[in-house]
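# Architecture and fold: a report
Okay, here's what each chain looks like letter by letter:
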Amino acid sequence: MLLDSGHRRHPAFIQRVMALQTSGLLFVVLLSCTAGIQLDGNGYTGVLFAINPSISEDPALLQRIENMIQDASVVLYGAVENRFYFKEVTILVPANWTEGNYSRAKTETYEKANVIIDEPNKSYGDEPYTLQYGQCGEPGQYIHLTPDFLLDDRFIEVYGKRDKVFVHEWGHLRWGLYDEYSEEQPFYRSSMGTLEATRCSKEIQGRHGESECKLDATTGLPTSDCKFLPIKDAPVKESIMSFPFLDHVSKFCSNETHNAEAPTRQNQKCGNRAALDVILKSSKDANTSQLSTPISKQNTTIKTVQRKRRVVCLTLDVSGSMNGPRIALLRQAATLFLRTTIEDTAAVGIVQFSSSPLILKTLTVIDGEQSREELVEVLPTTANGGTNICPGIDKAFEVMKGDDGSTEGDELILLTDGEASDNLNDCRDRVMNSGARVHTIALGPSADKKLQDFANLTDGIFHKSADSIDSNALTDAFASLATSDGNLAQQTIQLESAGKRTTDWFNGTFSVDWTVGKDTVITIVYEASMPKVHITSPSGLSFSESRFDHDTKIRTLSFKVQGIAKNGEWHYSLFNQGTSAQSMAITVTSRAASADVPPITVRAHMNQKSADGSKAMVVYAAVTQKGLPVIRANVTATLESDNGHKEELPLLDNGAGADAFRHDGIYSRYFTKLNSGRYSLKVRVQNQDNGMLSAHKHSGVLYISGYVENGTVVLNPPKPPVSQQPVEVGSFTRTATGESFVVELPPGSTGPPAFPPSKITDLRATLEGENITITWTAPGESYDQGTASRYHIGWSEDLALLRSNFNDSHLVDPWELKPQEVGSTEQYSFLPHNLSMTNGTTIFVAVLAENANSLRSDISNIEQVVKFIAAPPPPAPSLEEESTNVVAIAVGVTVAVFAILAVGGIICSRIKLFRRYDVIPLSERP
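The shown structure was predicted, so the numbers you read here are calculated from the model rather than taken from an experiment. (Residues numbered from 1 in each chain as written. Predicted model: local features only at pLDDT ≥ 70, side-chain atom pairs only at ≥ 80, totals over all residues. Heavy atoms only, no water.)

## Regarding the overall build of the chain
If you tally the helices and strands in the chain, you get 16 helices and 53 strands. Residues classed as buried in the chain amount to 58% of the 926 residues present. The long-range fraction of contacts in the chain, counting pairs at least 24 apart against all pairs at least 6 apart in sequence, stands at 77%. (Helix = DSSP H or I, 4+ residues; strand = E, 2+ residues; numbered from the N terminus. Buried < 20%, exposed > 50% of the residue type's maximum accessible area, 1.4 Å probe, protein only. Contact = heavy atoms within 4.5 Å.)

So, in structure tokens, the structure goes:
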């Protein structure tokens, strides 16, 4: 039932909002990116909304989504000076929705969605937000909205109209903008000596209510119980990234209106640049021309699609080059995929190809062990002939049509180890127009270079795989093709994936944590002779190879733990009983122990699919429990090329270098040692009782605690408090394989290019007397690798000068400060010379690093310090004084009383301002 805004103070609504703090509902983290979104002229196409299967079917919800998109399109067009609008948008509904007439989904999947509609998040409730962890100007991952936000009009009172809220989040998602408010520092003192609310633009005005705000005697800033209440109907147009709630706000801050001094994330992350400046010069859509004609809701096309049963066809190369170890490796990896990875209810077919194609198995529905084994039995055993890939693809399409006569929405997994004997351009258009997703696996260094092109054309996944057992790379590639419709309880989770070539022992451990344990399978593959196996559970029970199912044809041992596997650390030892060295590998998979407890998951990816060496790449790994960040884990990425180059990088979640935010569960690192080749990406996560669940705040629209309308203060229900205390998650292990990527350095390159130190992004400054103390995290010699050579410090009373001409600012040479190893905490104190500090003196400070090659980093985020001397209390103000500056309300007691009245059902929604307080500018109060 839809509720109108006239019920905005109803006790049930307040109880609903406040109850979110105790809700156990979480959200799904997907690291989808905006790669599917295209700009067709000035209109966005490929925008994908996806609804989680936990959401009940509701035509009203679909209608609200459509209304929001159409309205937001018009708002977006005006917000960026007639440049952009939403042209084509798709809504993917769950497979369990049965009442609507939905079109068949093609390449749209839940994992690729740009906007997720899901249950409230434990840390956010119904607050809209965007998962964003790139640098300024880089796209975010996805927008998260809840059904209640879309259906309950009372949320308009605390966030603003849905169309403008969506454009706010689009700024994060598409253009890499950051918020232009600050809950951590809602007030600051400007270089002009005025006390300001943190906002953009400064033209946004506000007032205070019944109680005066008190100023902290040390900082001169309002105490934490003070809140800025904007004037709702003020004729101010900027900024959507600050207060989209306000009636007339409809633009992004431009260079003319931007508040560069405010302590916002936008200023910190984007070098104090205006949002519009970032959009037009640094985003994916930079340099887009304006349109001269208006657009309307009718310019937006919205379609609703649905994905039913998953249909997959394994299309396997059995040409002569696959003979011997490679065909055995194929059988081992494909067997594990069929037995443990592919989900129940999926339909699977198998095609082999060499000089000609052959159907090995038509579509078979996975409905138990027997159907899985039927598929395993027909996997190819011999290899000979040429590598005609296009006929193999055509035959796979024939198999995929076996369920409904169409390939739309189906998946083709193409594995090959060689150059195509035929011309792949002959079937390129058929692949592109099939409506199917084509995942490609390049086995070994000689696989056709066009495989990645087929995957990119169809929104599929590309993997490069080493052709050795001990790498376990082919098994990992198949394992990464597990899919999810948003129901993580059904997803296969990889706990361990490791291998070794040895003449004796291969030992290791893995952990079964409290979130997994169902359908736990231990699989061991070997090269020549069956190893001796010793597995020890956390309770001390031991299992030998005699307890395993042994498939001699594919040299595989498999053991399925009955019921729920014992939580704790498991140990394994494999002993090579042969007379010569052989390769062995172990894979452990499991599923969620309970449908009510989402498993800890890991998703790994690079910031781009290819690189030419002009800039470093970034490795990302998101470690979450259905979206809640898991922090303090040990995360290591292994990047290995088909040319033999291998790099291991410990990933960091420290808010420095490539890592945007500390303790957000996103672990990252720059990859700087680039060499030409196709690279695989594998991430291993280990935690020995250090990991914790965090309540990190993502980018998102501001919750409005209250506002001023027609001279009256209107208070909203208090925002539900969120516990900031991390929760221990216990020991766990995970492995995850990301999509492969390609590096092609310019011809004649002799090695990786030289890179500067990374930009310092966490500079902090404090004033102690007249000494300025600054701290930051040490960058490296090459971005976040190694150790820098020296630092340069600049300060100025002129922010614009420091930003644009660092060398013309007052420079400080910290010659005695030798840079420490990357990741270390640096600290330095200095006294600004030739400056007499008085009350209100404002100084801006920045740092940059330099390496041994005299390459300098970009200038750091700019920090400011203000000299504040507490003044004696002023005389009582005159009643005739008028307020022209920013004023605020002390809401600590007011909100508490308001909440109590709400519980009792007696709500006073509008509180008249007292004239004597209405006229006192906050900047004039002690």
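## Regarding the pairing of strand 24 (residues 516-526)
Burial analysis of strand 24 places 9 of its 11 residues in the buried class, the great majority of the element. Bridge count between strand 24 and strand 30 (residues 582-592): 8 bridges; the pairing is antiparallel. Directly across from Thr 523, in strand 30, lies its bridge partner Thr 587. Here 5 bridges tie strand 24 to strand 28 (residues 556-560), and the two strands are oriented antiparallel to one another. The partner of Ile 522 across the bridge, within strand 28, is Phe 559. (Pairing = 2+ DSSP bridges.)

## Focus: the sheet that holds strand 24
Here 5 strands make up an open sheet; going across it, the order is 22-30-24-28-27 and the pairing antiparallel. Edge positions in the sheet fall to strand 22 (493-502) and strand 27 (549-551), since each of these pairs with one other strand and no more. Between one strand axis and the next, the sheet turns through 15 degrees on average, direction left out of account. (Axes fitted to C-alpha atoms, helices over the stretch in contact; angles between N-to-C directions.)

## Some thoughts on the packing of helix 2 (residues 59-79) against helix 5 (residues 162-175)
The geometry of helix 2 relative to helix 5 is characterised by a closest axis approach of 8 Å and an angle of 70 degrees between their N-to-C directions. The angle between the axes of helix 2 and helix 5 places the two elements in the roughly perpendicular class. Residues Arg 64, Met 68, Asp 71, Ala 72, Val 75 and Leu 76 of helix 2 pack against Arg 162, Asp 163, Lys 164, Phe 166, Val 167, Trp 170 and Trp 175 of helix 5. Residues of the contact of helix 2 with helix 5, tallied by class, amount to 8 nonpolar, no polar and 5 charged. (Parallel < 35°, antiparallel > 145°, perpendicular 65-115°, else oblique. Nonpolar A, V, L, I, M, F, W, Y, C, P; charged D, E, K, R; others polar.)

## Notes on the packing of aromatic side chains
In this structure the tally under the stated criterion is 31 aromatic pairs. When the ring centre of Phe 245 is taken as reference, the NZ or CZ atom of Lys 232 above it lies at 5.4 Å. Of note, Lys 269 hangs over the ring of Phe 661, and the distance from its end group to the ring centre comes to 4.5 Å. (Phe/Tyr/Trp six-rings, centres within 6.5 Å; stacked < 30°, edge-to-face > 60°. Lys NZ or Arg CZ within 6 Å of the ring centre and 35° of its normal.)

## Describing the sheet that holds strand 29 (residues 568-575)
Strands sit in the order 23-29-25-26 across an open sheet of 4 strands; the sheet is antiparallel. Lying at the two open borders of the sheet, with one neighbouring strand each, are strand 23 (505-512) and strand 26 (542-544). Neighbouring strand axes in the sheet, compared pairwise and without regard to direction, differ in orientation by 15 degrees on average. Where strand 25 (residues 532-536) and strand 26 come together, 3 bridges link them in antiparallel fashion.

## Describing the state of the cysteines
The full count for this structure, using the stated rule, is 3 disulfides. Shown here is the disulfide that connects Cys 136 with Cys 270, its sulfur atoms set 2.1 Å apart. Taking the torsion about the sulfur-sulfur bond, which here is approximately 105 degrees, the covalent link between Cys 136 and Cys 270 counts as right-handed. Of the two residues, Cys 136 is situated in the loop between strand 8 (129-131) and strand 9 (142-145) and Cys 270 in the loop between helix 6 (265-269) and helix 7 (275-281); the sequence distance between them amounts to 134 residues. Classification of Cys 270 by relative accessible area gives buried; the value is 4%. The partner cysteine of Cys 390 in its disulfide is Cys 427, sulfur to sulfur 2.1 Å. The disulfide joining Cys 390 to Cys 427 has a torsion of about -70 degrees about its S-S bond and is therefore left-handed. Taken together, the residues Cys 390 in helix 10 (residues 389-400) and Cys 427 in helix 11 (residues 425-432) connect sequence positions 37 residues apart. For Cys 390, a relative accessible area of 5% gives the class buried. (Disulfide = S-S within 2.5 Å.)

## Some thoughts on the side chain of Thr 556
As for its placement among the helices and strands, Thr 556 is situated in strand 28. Using a relative accessible area of 4% as the deciding quantity, one classes Thr 556 as buried. Residue contacts for Thr 556: discarding those within four places in its chain leaves Gln 332, Thr 523, Ile 524, Val 525, Tyr 526, Asp 549, His 550 and Asp 551.

## A word on the side chain of Asn 121
As for its placement among the helices and strands, Asn 121 is situated in the loop between strand 7 (115-117) and strand 8. Polar side-chain contacts of Asn 121 include one of 2.7 Å to the backbone nitrogen of Tyr 124. (Polar contact = N/O pair within 3.5 Å; in protein donor to acceptor, adjacent residues only side chain to side chain.)

## What to know about the pattern of salt bridges
Close approach of charged atoms allows side chains with opposite charge to pair. In this structure the tally under the stated criterion is 42 salt bridges. With a shortest N-O distance of 3.5 Å, Asp 551 and Arg 339 are connected by a salt bridge. Separated by 212 residues along the polypeptide, Asp 551 in strand 27 and Arg 339 in helix 8 (residues 325-341) bring together distant segments of the chain. For Asp 551, a relative accessible area of 14% puts it in the buried group. Among the ionic pairs, Arg 856 bridges to Glu 850, the shortest N-O distance being 3.2 Å. Sharing partners across several salt bridges, the network here consists of Arg 64, Asp 153 and Arg 162. (Salt bridge = Lys/Arg side-chain N within 4 Å of Asp/Glu carboxyl O.)

## Notes on the packing of helix 8 against helix 9 (residues 369-377)
Two elements in contact, helix 8 and helix 9, have axes separated by 9 Å at closest approach and are oriented at 170 degrees. Taken together, the axes of helix 8 and helix 9 lie roughly antiparallel to each other. Where helix 8 approaches helix 9, its residues Thr 335, Leu 338, Arg 339 and Thr 340 are matched on the opposing element by Arg 372, Glu 373, Leu 375 and Val 376. Considering only residue class, the contact of helix 8 with helix 9 consists of 3 nonpolar, 2 polar and 3 charged.

## Things to note about the nonpolar core
Counting 132 residues, the largest nonpolar core has Phe 49 and Phe 252 as its most contacted members. In terms of residue count, the dominant contributor to this core is helix 2 (9 residues). Beyond its immediate stretch of four places on either side in the chain, Phe 49 contacts Ile 65, Met 68, Ile 69, Val 89, Thr 90, Ile 91, Leu 92, Val 115, Ile 117 and Phe 166. Core analysis: the next-biggest nonpolar cluster, separate from the first, contains 33 residues, Leu 338, Leu 443, Leu 474 and Ala 477 among them. (Core = buried A, V, L, I, M, F, W, Y, C linked by side-chain atoms within 4.5 Å.)

## A few points about helix 2
Its 21 residues place the ends of helix 2 30 Å apart at the C-alpha level, agreeing with the 30 Å of an ideal helix rising 1.5 Å per residue. Considered for burial, the residues of helix 2 that qualify are Leu 61, Leu 62, Arg 64, Ile 65, Met 68, Ile 69, Ala 72, Ser 73, Val 75, Leu 76, Tyr 77 and Ala 79. For helix 2, the capping residue at the N-terminal end is Asp 58, with a side-chain oxygen 2.9 Å from the backbone nitrogen of Ala 60. Phi for Glu 81, located one or two positions after helix 2, is positive at around 55 degrees. (Expected span 1.5 Å × (residues − 1).)

## Considering the pairing of strand 3 (residues 47-51)
With 5 of 5 residues buried, strand 3 is to be regarded as a mostly interior element. Along strand 3, one buried face is formed by Val 47, Phe 49 and Ile 51 and the opposite face, lined by Leu 48 and Ala 50, is buried too.

## A look at helix 9
Along helix 9, the positions that sit buried rather than exposed are Ser 371, Arg 372, Leu 375 and Val 376. Relative to the axis of helix 9, the buried residues are bounded by an arc of 140 degrees and lie together on one face. Structural note: helix 9 exposes Gln 370 and Glu 377 on the side pointing more than 90 degrees away from its buried face. (Arc of directions from axis to C-beta.)

## Regarding unusual backbone geometry
A cis amide bond links Cys 200 with the next residue in sequence, Ser 201, at an omega value of 5 degrees. Its place among the elements puts Ser 201 in the loop between strand 11 (195-197) and strand 12 (206-207). That bond from Glu 238 to Ser 239 is cis: its omega, 15 degrees, falls within 30 degrees of zero. Here Ser 239 is to be found in the loop between strand 14 (229-230) and helix 6. A positive phi angle, near 65 degrees, is found at Asn 272, a position not held by glycine. Within the fold, Asn 272 resides in the loop between helix 6 and helix 7. A positive phi is found at Arg 632, a non-glycine position, where the angle reads about 65 degrees. Turning to its location among the elements, Arg 632 is positioned in the loop between strand 34 (628-631) and strand 35 (634-641). According to the relative accessible area criterion, Arg 632 is partly exposed, its value standing at 42%.

## Some details on the confidence of the model for the chain
Here the chain shows a mean pLDDT of 88. Residues at 70 or above account for 89%. Note that residues 1-33 has pLDDT below 50 and, in this model, 102 contacts with residues that lie over four places away or in other chains. Counting contacts from residues 891-926, a segment whose pLDDT is below 50, to residues more than four positions away or on other chains yields 90 contacts. (pLDDT = per-residue confidence, 0-100.)

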